[in-house]
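Descriptive structure summary
Each chain, written out:
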Amino acid sequence: MSRIGKLPISVPTGVAISVDKDNAVTVKGPKGSLTTQVDRDITVAIEDGTLTVTRPTEQKRHKAMHGLYRSLINNMVTGVSAGFEKKLELVGVGYKASLVGSTLELALGYSHNVYIALPGEVSATAVTEKGKNPIVTLNSIDNQLLGQVAAKIRSLRKVEPYKGKGVRFVGEIIRRKAGKTASK
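All of these numbers come straight from a predicted model, not from anything done at the bench.

What follows is about the overall build of the protein chain. Looking only at helices and strands, the protein chain has 2 helices and 13 strands in total. If you line up the protein chain on its principal axes, its C-alpha atoms span 70 × 45 × 25 Å. Buried residues in the protein chain amount to 35% of all 184 residues. Contacts in the protein chain between residues far apart in sequence, at least 24 positions, make up 52% of those at least 6 positions apart. Carbon and sulfur atoms provide 51% of the accessible area of the protein chain, an area that totals close to 11,400 Å². Here the protein chain contributes 28 positive and 15 negative side-chain charges, whose respective centroids are spaced 13 Å apart.

Sequence positions flagged by UniProt for "domain: Large ribosomal subunit protein uL6 alpha-beta" (unreviewed entry) are, in local numbering, residues 11-83 and 91-168. Secondary structure content for residues 11-83 is 30% helix and 36% strand, while the C-alpha to C-alpha distance between its ends is 15 Å. Counted over residues 91-168, helix gives 17% and strand 37%. Its end C-alpha atoms are 8 Å apart.

Tracing the backbone shows K6 in the segment before strand 1 (9-10). Expressed as a C-alpha distance, the spacing of K6 and T54, which sit 48 residues apart in the sequence, is 7.2 Å.

Inspection of every chain in the model, using the stated rule, returns 0 aromatic pairs. Positioned above the aromatic ring of Y110 is the side chain of R157, whose terminal nitrogen or guanidinium carbon lies 4.2 Å from the ring centre.

Let us now look at the nonpolar core. Burial of nonpolar side chains together is a common tendency in soluble globular proteins. Core analysis: the biggest nonpolar cluster contains 22 residues, and L90, L106, I116, V136, L138 and I153 have the highest contact counts within it. Broken down by element, the residue count for this core peaks at 5 residues, all from helix 2 (residues 143-155). Once residues within four sequence positions are removed from consideration, I153 is found in contact with L88, L104, L106, I116, L138 and V167. Counting residues in each nonpolar core, the second largest holds 18 residues, with I9, V25, V27 and L34 among its members.

Rules and cut-offs
Residues numbered from 1 in each chain as written. Predicted model: local features only at pLDDT ≥ 70, side-chain atom pairs only at ≥ 80, totals over all residues. Heavy atoms only, no water. Helix = DSSP H or I, 4+ residues; strand = E, 2+ residues; numbered from the N terminus. Buried < 20%, exposed > 50% of the residue type's maximum accessible area, 1.4 Å probe, protein only. Contact = heavy atoms within 4.5 Å. Areas by Shrake-Rupley, 256 points an atom, 1.4 Å probe, with all protein chains shown as cover. Lys, Arg positive; Asp, Glu negative; His and termini not counted. Charge placed at Lys NZ, Arg CZ, Asp CG, Glu CD. UniProt positions renumbered as here; feature names shortened; annotations may be inferred. Phe/Tyr/Trp six-rings, centres within 6.5 Å; stacked < 30°, edge-to-face > 60°. Lys NZ or Arg CZ within 6 Å of the ring centre and 35° of its normal. Core = buried A, V, L, I, M, F, W, Y, C linked by side-chain atoms within 4.5 Å.

As structure tokens, then:
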């Protein structure tokens, strides 16, 4: 059995899960509602406040999907009950972040500012304190969408290994390289 797939998902109070005949799983909670289509071979069962995902055979395809759908459903349950958050740090001289409506404006050392229109499901805050790097906090109930938006922002100015400048996740460890040394 898949180590991830065989773990049961505990359903917190206030979260309702329904599975229709087409194997579409809908999770509703205090923060919103999410739906995903599960493969028809995978069985989703809800009993006594726990949800279990089972596979029919030991085929490689079924094994691969077993853990995948269990993780996706678990992320949906966590999203509608607690939500997800990612923090990005802008490291560099003159790097700035500001939020205007649902548009994130970033100054990342280019000759122009970069504007990113955030999806409706993602909310953001930009904090700039004197003497510290600007921090952009992204919140959403959809972990997959949140990761995509964070990766898109990070790709605008990847962290370079010599001075460590760029957009990084808070707490991310960057592998630094030694610069040039004076020759004798």
